Amino acid sequence: MNPIVLGATPLNECSRCEGLWVDIRSFEKICAEREQQSVVLGVASRAPTQGVRETSKVKYVPCPDCSQLMNRINFARCSGVIVDICKGHGTWFDRDELSRIVAFIRGGGLEAARERDKAELREEQRRLLEQQAAAETRVSTHFRRAMDDDRRIPAIAAARGLLKFLMD
């Protein structure tokens, strides 16, 4: 891989497949800064598209830093761009994937995904609170029944004693 600098961001590029290896910090910078996004989009628009071979076979690739197989994920769970991630080191982008992600971010996709995730978390929290309230109600009802049983037991014992006395 060849080290390159995209704007102010250092990356590594595979000269054979034109894929990019981006470390965690650099990718966070690209995601957060519009200036870096503009550089990525500018480079992508100038990149030649001839000679790129599409493949439908899924292939897990090793991390360039630790050699462990990386996980394949759909960026932001909804972008439609499947990238290879090593949680400890960075992300591998096949040709044009980084520019597609930047376009997704600039189109509001990342914010929409975050809002969707927040809504899902709020719904999960609401559901858990309902379950907790239902459990507390069950415990309270069980406790009341147990208290009622405790009050009945002496009365039953007294009645049993009276019946035994009367029958003797």
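Read on for a plain summary of the structure. Model, not experiment: these values are computed from the prediction.

What counts, and where the lines are drawn
Each residue is numbered by its place in its chain's sequence as written, counting from 1. Side-chain atom pairs in this predicted model are given and counted only at pLDDT of 80 or more, local residue features only at pLDDT of at least 70, and totals for whole chains, interfaces and linings cover all residues. Only hydrogens and water are set aside when side-chain values are computed; all heavy atoms of the structure are taken into account. When DSSP finds two or more bridges between a pair of strands, those strands are recorded as paired. Per the convention used, a helix needs a DSSP run of H or I reaching at least four residues, while a strand needs a run of E reaching at least two, with both numbered from the N terminus. To get an axis, a line is fitted to the C-alpha atoms, and for a helix only the part in contact is used. The angle between two axes follows their N-to-C directions and goes from 0 to 180 degrees. Here is the rule for angles: anything less than 35 degrees is roughly parallel, anything more than 145 is roughly antiparallel, 65 through 115 is roughly perpendicular, and the remaining ranges are oblique. Whether two residues are in contact is decided by their heavy atoms, any of which lying within 4.5 Å being enough. The classification used treats Ala, Val, Leu, Ile, Met, Phe, Trp, Tyr, Cys and Pro as nonpolar, Asp, Glu, Lys and Arg as charged, and all other residues, Gly among them, as polar. Only protein chains enter the accessibility calculation, which uses a 1.4 Å probe. A residue is then buried if its area is under 20% of the maximum for its type, exposed if over 50%, and partly exposed in between. Relevant arc is that of directions from the helix axis to the C-beta atoms, nothing else. As used in this structure description, the phrase polar contact means that two N or O atoms lie within 3.5 Å; if the pair is within protein, one of them must be able to donate a hydrogen and the other to accept it, and residues adjacent in sequence are counted only when both atoms belong to side chains.

### Some remarks on the sheet that holds strand β4 (residues 71-74)
Strand order in this open sheet of 6 strands is β1-β2-β3-β6-β5-β4, and the pairing throughout is antiparallel. Because the sheet does not close on itself, it has two edges, and the strands there are β1 (2-6) and β4. Put simply, the sheet's adjacent strands are angled 35° from each other on average, direction ignored. Examined bridge by bridge, strand β5 (residues 82-86) and strand β6 (residues 90-93) share 3 bridges and lie antiparallel to one another.

### Describing the packing of helix α1 (residues 24-32) against helix α3 (residues 97-106)
Look at α1 against α3: their axes get within 10 Å of each other, and the N-to-C directions meet at 40°. Classified by the angle between their axes, α1 and α3 sit oblique to one another. Taken together, the residues of α3 that come into contact with α1 (itself represented by Phe27, Ile30 and Cys31) are Leu98, Ile101, Val102 and Ile105. Split into classes, the residues belonging to the contact of α1 with α3 amount to 7 nonpolar, no polar and no charged.

### Here's the deal with α1
Those residues of α1 lying buried are Ser26, Phe27, Ile30 and Cys31. Seen from one end, α1 has its buried residues packed into an arc of 135°, which puts them on one side. The exposed set on the far side of α1, more than 90 degrees from its buried face, consists of Arg25, Glu28 and Ala32. Capping of α1 at its N-terminal end is provided by aspartate 23; its side-chain oxygen lies 3.1 Å from the backbone amide nitrogen of arginine 25.

### What about unusual backbone geometry?
At glutamate 18, a residue that is not glycine, the phi angle is positive and equals roughly 65°. Of note, glutamate 18 is situated in the loop between β2 (9-13) and β3 (20-23). We classify glutamate 18 as partly exposed; its relative accessible area is 33%. The backbone of serine 67 sits at a positive phi, close to 70°, despite the residue not being glycine. Inspection of the secondary structure assignment puts serine 67 in the loop between α2 (34-46) and β4.

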